[in-house]
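# A structural walkthrough
Each chain, written out:
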Amino acid sequence: MIEAGSLIRSLSGRPAARNFHTFVINEIGLGIVTGKFPVGSILASDAAMMDTYGVSRTVLREALKTLEAKGMIEARPKVGTRVSPASRWSFFDPQVLSWHFYARPDRRFFESVFDIRQALETRAVKLASERRTAEHVRLMKYWLHQMDMSDGNHEAHGLACLEIHKAIAESSGNSLLRSVTGIVELTLALALKSILEAEGTNYLSASLSAHDALINAIERADSVSTSAALDSIIAMDASQAMTLHR
């Protein structure tokens with residue numbers, strides 16, 4: 001599993017794995033997504049991978065089972081462990097999504113992930129404007145204040161922003177919409193990564209203003225303004241993320 005917010009925290013550098021099991025999963029999973037281990041290729045033998053990653057057979061096999069559950073590899077007797085086609089990968093898995101943050105920018109993938117975010121969050125904010133409680137709104141406003149107080153700190157801004165979107169998903173009352181968190185974090189991290197590599201952008205202040213408008217619309221139960229504010233936020237994030245592909 002990957003903790004929510006860990007991708008945004010990695011803007012200052014790829015985080016260290018918590019244990020050997022996670023380390024092996026990350027190394028192989030990232031290798032698959034980045035093309036180090038191409039689709040259709042056969043991974044090295046257990047003995048070779050044990051030596052490469054410095055782990056026991058038990059740790060290695062547990063890691064491979066986890067990757068197989070994510071649809072990324074398939075073990076076959078007398079054949080070995082083959083890298084599965086991307087069509088079988090569990091893209092809603094936050095860990096699989098996070099590996100794409102480190103991969104070479106892929107415009108088609110970026111477009112796909114923003115399309116899904118648009119579809120899921122459009123429904124989430126509509127329900128939030130109908131079902132939010134005073135406590136939900138209070139929580140959103142608290143994290144909006146944290147965004148305002150981030151004072152140009154990209155990580156603090158991003159984490160506070162993510163918490164707002166988590167609160168919106170929670171206030172929708174639809175437990176399945178909480179799965180949008182991993183997608184929101186990836187798209188947000190990509191946008192933040194792009195401004196770290198650029199100069200003269202007003203993204204942080206524009207993002208703050210757009211989220212202010214979104215929360216106020218949710219509080220007023222104004223579904224039209226809520227949808228418009230969300231569209232502005234997603235378009236802004238997408239525009240920034242796409243600059244990574246240039």
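Before any of the text, the structure's been laid out above.
Scope of this entry: the structure provided in the associated data block. Predicted model, so just to flag it, every value in this text is computed and none were measured. (Residues numbered from 1 in each chain as written. Predicted model: local features only at pLDDT ≥ 70, side-chain atom pairs only at ≥ 80, totals over all residues. Heavy atoms only, no water.)

### A few points about unusual backbone geometry
For Lys78, which is not a glycine, the phi torsion comes out positive at approximately 70°. Positionally, Lys78 belongs in the loop between strand 1 (73–76) and strand 2 (80–83). Positive phi, close to 50°, is recorded for Asp151, a residue that is not glycine. By the element assignment, Asp151 lies in the loop between helix 7 (134–149) and helix 8 (154–171). (Helix = DSSP H or I, 4+ residues; strand = E, 2+ residues; numbered from the N terminus.)

### Quick look at the pairing of strand 2
Summarising the sheet, strand 1 and strand 2 pair through 4 bridges and their orientation is antiparallel. Looking across to strand 2, one finds that Glu74 is bridged to Arg82. Count of turn residues in the strand 1/strand 2 antiparallel hairpin: 3 residues, of which Lys78 carries a positive phi of about 70°. (Pairing = 2+ DSSP bridges.)

### Concerning the pattern of salt bridges
Applying the stated rule across the entire model yields 15 salt bridges. The partner of Lys126 in a salt bridge is Glu130, and the shortest N-O contact between them spans 2.8 Å. Here the residue Lys126 and the residue Glu130 both occupy positions in helix 6 (residues 107–131), the gap between them amounting to 4 residues, near one helical turn. Measuring nitrogen to oxygen at the nearest pair gives 3.1 Å for the salt bridge that ties Arg178 to Glu170. With relative accessibility at 40%, the residue Arg178 sits in the partly exposed group. Taking relative accessible area as the criterion, Glu170 reaches 38% and is therefore assigned partly exposed. Connected via shared salt-bridge partners are Asp46, Arg57 and Arg61. (Salt bridge = Lys/Arg side-chain N within 4 Å of Asp/Glu carboxyl O. Buried < 20%, exposed > 50% of the residue type's maximum accessible area, 1.4 Å probe, protein only.)

### Brief notes about the layout of surface pockets
Estimated volume of the second largest pocket: approximately 190 Å³. Along its surface, the second largest pocket is lined by Ile32, Val33, Val39, Ala86, Trp89, Phe91, His100, Ala103, Arg104, Asp106, Phe109 and Phe110. Put simply, the parts of the chain that give the lining of the second largest pocket at least two residues each are helix 2 (20–34) and helix 6. Of the residues belonging to the lining of the second largest pocket, the class tally is 9 nonpolar, 1 polar and 2 charged. (1 Å grid on protein atoms, 1.4 Å probe; cavity = no way out; pocket = protein on both sides within 12 Å on 5 of 7 lines; lining within 4 Å. Points joined across faces, edges and corners; volume = space filled by probe spheres on them. Nonpolar A, V, L, I, M, F, W, Y, C, P; charged D, E, K, R; others polar.)

### Remarks on the nonpolar core
Ranked by internal contacts, the top residues of the largest apolar core, which has 50 residues, are Ile8, Ile168, Leu186, Leu192, Tyr203 and Leu214. Residue assignment for this core shows that the elements contributing at least two residues are helix 1 (6–9), helix 5 (94–102), helix 6, helix 7, helix 8, helix 9 (181–196), helix 10 (203–219) and helix 11 (223–242). Top element by residues in this core is helix 9. It accounts for 9 residues. (Core = buried A, V, L, I, M, F, W, Y, C linked by side-chain atoms within 4.5 Å.)

### Observations regarding the side chain of Gln240
Looking at the element boundaries, Gln240 is found in helix 11. Excluding residues within four positions of it along the chain, Gln240 makes contact with Ala191, Ser194, Ile195, Thr201 and Tyr203. (Contact = heavy atoms within 4.5 Å.)

### Structural notes on the packing of aromatic side chains
Under the criterion given, the structure shown has 5 aromatic pairs. Seen in terms of ring centroids, Phe23 and Tyr53 are 6.2 Å apart; in terms of plane orientation they differ by 80°. Their pairing is edge-to-face. Of this pair, Phe23 sits in helix 2 while Tyr53 sits in helix 3 (residues 46–53), placing them 30 residues apart in sequence. Residue classification places Phe23 among the partly exposed residues on the basis of a relative accessible area of 29%. Counting every residue linked through ring pairs, the aromatic cluster contains Trp89, Phe91 and Phe109. Between Lys193 and the ring centre of Phe101, over which it is positioned, the NZ or CZ distance is 4.9 Å. (Phe/Tyr/Trp six-rings, centres within 6.5 Å; stacked < 30°, edge-to-face > 60°. Lys NZ or Arg CZ within 6 Å of the ring centre and 35° of its normal.)

### Side note on helix 6
Count 3.6 residues to each turn of an α-helix, and residues three or four apart come out pointing the same way. Along its 25 residues, helix 6 runs 35 Å from first to last C-alpha, staying within 8% of the 36 Å computed at 1.5 Å per residue. Of the residues making up helix 6, those classed as buried are Phe109, Phe110, Val113, Phe114, Arg117, Glu121, Ala124, Val125, Leu127, Ala128 and Ser129. (Expected span 1.5 Å × (residues − 1).)

### Some thoughts on the side chain of His157
Topologically, His157 is positioned in helix 8. Taking the relative accessible area as the measure of exposure, His157 reaches 1% and is therefore buried. Among the polar contacts made by the side chain of His157, one reaches the side chain of Ser207 at a distance of 3.4 Å. (Polar contact = N/O pair within 3.5 Å; in protein donor to acceptor, adjacent residues only side chain to side chain.)

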